[in-house]
Amino acid sequence: MRLNLEGKNVLITGAASGIGRTAAVLFGEEGSNLAIVDMAGDGLRDLARELGPRVVSTGTGDLSTTGGVEQAIGQALAPLDGRVDVLVNNAGSGVSRTFDEISDRDWIASLDINLLACIRVTRVVLPLMRAAGSGVIVNNASDLGRQPEANPMDYAVAKAGMLAFTKAMARSEGPAIRVNAVAPGPVWTPFWTKEGGFADSLAALHQMPPEDAVRHEISLRQMPLGRLGTAEEVASVIVFLASERASFVTGSVYGVDGGTIRSVS
């Protein structure tokens, strides 16, 4: 299936690892021009070397702050001649902890990286899409935004906000600009596997080794497919939503979750 993404300028945040990195690889295979952004400069450089000339720009900065967004997105946009065809808001982070363990500072930090980063980046890119009269935005949310669990509550609240933002932006910016979201379930990426990542925090929460804690978490969510997903399974849907094959899709939330969502809507 041809997706007609050749020569499109694609800006991806959180591109140094996980779903963002895999999305960059898949867009590169489609012939897109890539602007990749992350706070992990080493990871960006490694990805740029792997993808070669498909990476036209990189931007390094902490997207949980206004200054970091201005720095990183400014760097990434500089070589794009004022044109962004696709924006993938992928940057995010989460820690599993109980409600009583989440301080005001923790709530604000979670909202900053998991919701406000998406809003701030969109605010920068949107005028370029409006001027061009076209564009696609894909936000990487979470199944927890639609079906919250007790942990991590702050992450779920932020991702629910992202879904509301997605719906509102689709209403605001149609018909020229399409805005959709993916809502992954548990996906085996560095978000889970890195030291201090989600698997380690689940291990502390459930008082068992990380791999056992992950299996226990999946059993609690009663996932029909009974396993974690892969970054490629999510990134493939992101690329589809960015393409002309999804030209009549906007304001939608695509669950890539192994069946964790049990509601009919």
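Please refer to the structure placed before this passage.
We now turn to the structure provided with this report. (Residues numbered from 1 in each chain as written. Predicted model: local features only at pLDDT ≥ 70, side-chain atom pairs only at ≥ 80, totals over all residues. Heavy atoms only, no water.)

## Things to note about the overall build of the protein
Line of reasoning, step 1. Within the protein, the secondary structure is distributed over nine helices and seven strands.
Line of reasoning, step 2. For 265 residues, the compact-globule formula gives about 18 Å, and the C-alpha radius of gyration of the protein, at 18 Å, lands near that figure.
Line of reasoning, step 3. The principal-axis extents of the C-alpha atoms in the protein amount to approximately 50 × 40 × 35 Å.
Line of reasoning, step 4. Within the protein, contacts between residues separated by at least 24 positions form 68% of all contacts whose residues are at least 6 apart in sequence.
Line of reasoning, step 5. Here the protein has roughly 11800 Å² of accessible surface; of this, 53% comes from carbon and sulfur atoms. (Helix = DSSP H or I, 4+ residues; strand = E, 2+ residues; numbered from the N terminus. Rg over C-alpha atoms; globule rule 2.2 N^0.38 Å. Contact = heavy atoms within 4.5 Å. Areas by Shrake-Rupley, 256 points an atom, 1.4 Å probe, with all protein chains shown as cover.)

## Observations concerning the pattern of salt bridges
Line of reasoning, step 1. Under the defined criterion, the tally for this structure stands at 11 salt bridges.
Line of reasoning, step 2. Here Arg-83 and Asp-85 are joined by a salt bridge, their closest N and O atoms 2.9 Å apart.
Line of reasoning, step 3. A relative accessible area of 34% places Arg-83 in the partly exposed class.
Line of reasoning, step 4. One salt-bridge network, held together by shared partners, links Arg-97, Asp-106 and Asp-154. (Salt bridge = Lys/Arg side-chain N within 4 Å of Asp/Glu carboxyl O. Buried < 20%, exposed > 50% of the residue type's maximum accessible area, 1.4 Å probe, protein only.)

## Quick look at the environment of Pro-148
Line of reasoning, step 1. Relative to the helices and strands, Pro-148 is located in the loop between strand S5 (135-140) and helix H5 (153-173).
Line of reasoning, step 2. With a relative accessible area of 56%, Pro-148 lands in the exposed category.
Line of reasoning, step 3. Residues Pro-148 and Ile-261, spaced 113 residues apart in sequence, show a C-alpha to C-alpha distance of 10.0 Å.

## Looking at the sheet that holds strand S7 (residues 253-256)
Line of reasoning, step 1. In spatial order, the strands read S3-S2-S1-S4-S5-S6-S7; together these seven strands make up an open sheet with parallel pairing. What marks the edges here is a single partner per strand, and that holds for strand S3 (55-60) and S7. The average undirected angle you get between the axes of adjacent strands in this sheet is 15°.
Line of reasoning, step 2. With three bridges joining them, strand S1 (residues 9-13) and strand S4 (residues 86-89) adopt parallel strand pairing. Residue pairing across strands places Val-10 opposite Val-86, the latter belonging to S4. (Pairing = 2+ DSSP bridges. Axes fitted to C-alpha atoms, helices over the stretch in contact; angles between N-to-C directions.)

## Thoughts on the nonpolar core
Line of reasoning, step 1. The biggest cluster of nonpolar side chains holds 35 residues, and the ones touching the most others in it are Ile-12, Phe-27, Leu-34, Ile-36 and Ile-238.
Line of reasoning, step 2. By residue number, the principal contributor to this core is helix H9 (residues 231-242), which donates eight residues.
Line of reasoning, step 3. Dropping the residues within four chain positions of it, Leu-34 is found in contact with Val-10, Ile-12, Ala-24, Phe-27, Gly-28, Leu-51, Arg-54, Val-55, Val-56 and Ser-57.
Line of reasoning, step 4. Membership of the second largest hydrophobic core comes to 32 residues, among which are Leu-77, Leu-115, Ala-170 and Ile-177. (Core = buried A, V, L, I, M, F, W, Y, C linked by side-chain atoms within 4.5 Å.)

## Quick word on the packing of helix H3 (residues 66-77) against helix H4 (residues 104-132)
Line of reasoning, step 1. H4 packs onto H3 with a crossing angle of 35° between their chain directions and a minimal axis gap of 9 Å. Seen along the crossing, H3 lies across H4 with a hand that is right-handed. Residue-level inspection shows Thr-66, Val-69, Ile-73 and Leu-77 of H3 in contact with H4, the latter providing Arg-120, Val-121, Val-124 and Leu-128.
Line of reasoning, step 2. For the contact of H3 with H4, the class distribution of residues is six nonpolar, one polar and one charged. (Left-handed = near helix turned anticlockwise from the far one by under 90°. Nonpolar A, V, L, I, M, F, W, Y, C, P; charged D, E, K, R; others polar.)

## A few points about the packing of helix H1 (residues 18-29) against H9
Line of reasoning, step 1. Following both chains from N to C, one finds H1 and H9 inclined at 55°, their axes separated by 8 Å at the closest point. Classified by the interaxial angle, the pair formed by H1 and H9 is oblique. In this structure, the crossing between H1 and H9 has a hand that is right-handed. When H1 is examined against H9, the residues Gly-18, Ile-19, Thr-22, Ala-23, Leu-26 and Phe-27 are found in contact with a partner set consisting of Ala-231, Glu-232, Val-234, Ala-235, Ser-236, Ile-238, Val-239 and Ala-242.
Line of reasoning, step 2. Residue composition of the contact of H1 with H9, by class: 10 nonpolar, three polar and one charged. (Parallel < 35°, antiparallel > 145°, perpendicular 65-115°, else oblique.)

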